[in-house]
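Here is how the chains run, residue by residue.
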Amino acid sequence: PQFEQSSLQAVHQQRREMLSKVCSRYTRKRRLLQPDDLRHLVVDDTHGLLYCYVPKVACTNWKRVMMVLTGQGKYQDPLEIPAHEAHVPSNLRTLSEYSVPEINYRLRSYLKFVFVREPFERLVSAYRNKFTLSYNTAFHKRYGTKIIRRHRREPSDRALERGDDVRFEEFVYYLLDPRTQQEEPFNEHWERVHSLCHPCIIHYDVVGKYETLAEDANYILQLVGADASVKFPASSKTTRTTDDMTAQFFQDISPFYQRRLFNLYKMDYLLFNYSIPSYLRIR
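The name given to the protein in an unreviewed UniProt entry is Carbohydrate sulfotransferase, with Regulus satrapa as the source organism. UniProt, in its Sequence similarities (unreviewed entry) section for the protein, records the words "Belongs to the sulfotransferase 2 family."

Here you go:
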């Protein structure tokens, strides 16, 4: 384990260095954090831990683990916590709920971590989850109807009313439409990680990756001295969005829109050292 630990330390050191290199290159002026910037930072005061959750990057399981860590023995096994309960805001405290001195103290002295994922894989995963599953009616009504109204030629009345058959291409047009961000910030499921977690202002100790989820998760739990019985749940790979699947979704997107979409998510590619996907036709 000692050797394993040191090679992991080296990996995380490289990720941090990469992050600070890109931050210093692209961010001219450091702005101050606002309380609103801290809504994604979940606090564990028992173990001195801050976790910035990113939807579609194992965040349900991480929230379950955080509930076990902060629950004073109320929960033993993360997988016994129903998924919907992990997302109930009152079950976990976020940093935005603390006073300014308390916030500063935690940012200075707690272990801070975030988990990231290949940006387009995360985007396709969000699309599949929110727009292709019949039970996500709230998303269909809130976003689907708007996307269809704006980006489909001659939509049917049924589509306009239900918004449950958004095509990936229409979703891409919606993301690139300047009106979208003028009206409101992106939904957290497709917002860029750098906008959710502010990695150029908050100095994360560990940048975990979805691609190395199990070992990064165990590394963090060891670092904070979590009870050995607390295990990060093994992921079920059955419905997972993969690189091949992502490539299929991009087949019908023209090179022009591929490039624009890449530019939209470019900072996440750079900050977290993901290479341009080989299936993109933007060379």
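Okay, back to it.
Visitor: I'd love a proper account of the overall build of the protein, names of residues and values included.
Guide: Of regular secondary structure, the protein possesses 14 helices and 4 strands. For a compact globule of 283 residues, the expected C-alpha radius of gyration is about 19 Å, and the protein comes in at 20 Å, within 12% of that figure. By principal-axis analysis of the C-alpha atoms, the protein measures approximately 60 × 40 × 40 Å. By the burial criterion, 50% of the 283 residues in the protein qualify as buried. Accessible surface for the protein amounts to roughly 14900 Å². Of this, 51% is attributable to carbon and sulfur atoms. When the 42 basic and 34 acidic side-chain charges of the protein are each reduced to a single mean position, those positions are 5 Å apart.

Visitor: Which residues make up the state of the cysteines, and what are the values?
Guide: Scanning the entire structure with this criterion turns up 2 disulfides. At a sulfur-sulfur separation of 2.0 Å, the disulfide partner of Cys 23 is Cys 200. One disulfide, between Cys 23 and Cys 200, carries an S-S torsion of -85 degrees and so falls in the left-handed class. Pair noted here: Cys 23 is in helix α1 (residues 2–26) and Cys 200 is in the loop between α10 (193–197) and β4 (206–209), with a separation of 177 residues, a long-range link. Take Cys 23 and Cys 200: they sit in the same class, and that class is buried.

Visitor: Requested: an account of the packing of helix α5 (residues 119–131) against helix α12 (residues 243–250), with residues and values cited.
Guide: Contact pair α5 / α12: the axes reach a minimum separation of 9 Å and the direction vectors enclose 75 degrees. As far as their axial angle goes, α12 and α5 are roughly perpendicular. Across from Phe 120, Glu 121, Val 124, Tyr 127 and Arg 128 in α5, the residues of α12 making contact are Asp 243, Met 245, Thr 246, Phe 249 and Phe 250.

What counts and how
- Numbering of residues begins from 1 in every chain and follows the order in which that chain's sequence is written.
- Reporting in this predicted model follows two pLDDT cut-offs: at least 70 for local features of residues, and 80 or more for side-chain atom pairs to be given and counted; totals over whole chains, interfaces and linings ignore these cut-offs and use all residues.
- Working from all heavy atoms in the structure, the side-chain values ignore hydrogens and water.
- UniProt positions are given in the numbering used here, feature names are shortened, and annotations may be inferred rather than shown by experiment.
- Starting at the N terminus, helices and strands are each numbered in turn, a helix being any DSSP run of H or I of at least four residues and a strand any DSSP run of E of at least two.
- Only the C-alpha atoms count toward the radius of gyration. The rule for a globule is 2.2 Å times the residue count to the power 0.38.
- Categorising residues by exposure relies on relative accessible area from a 1.4 Å probe, with only protein chains included: less than 20% of the type maximum marks a residue as buried, more than 50% marks it as exposed, and the intermediate range marks it as partly exposed.
- Per-residue accessibility takes into account occlusion by the displayed protein chains alone, with areas from the Shrake-Rupley method and a 1.4 Å probe.
- The positive count covers Lys and Arg only, the negative count covers Asp and Glu only, and His and the chain ends enter neither.
- Taken as the charge centre is NZ of Lys, CZ of Arg, CG of Asp or CD of Glu, depending on the residue.
- Throughout, a disulfide means two cysteine sulfur atoms within 2.5 Å of one another.
- Geometry is summarised by axes, namely lines fitted to C-alpha atoms with helices restricted to the contacting stretch, and by angles between N-to-C directions that run from 0 to 180 degrees.
- Relative orientations are named as follows: roughly parallel for angles under 35 degrees, roughly antiparallel for angles over 145 degrees, roughly perpendicular for angles from 65 to 115 degrees, and oblique for any other angle.
- We call two residues in contact when some of their heavy atoms are within 4.5 Å.

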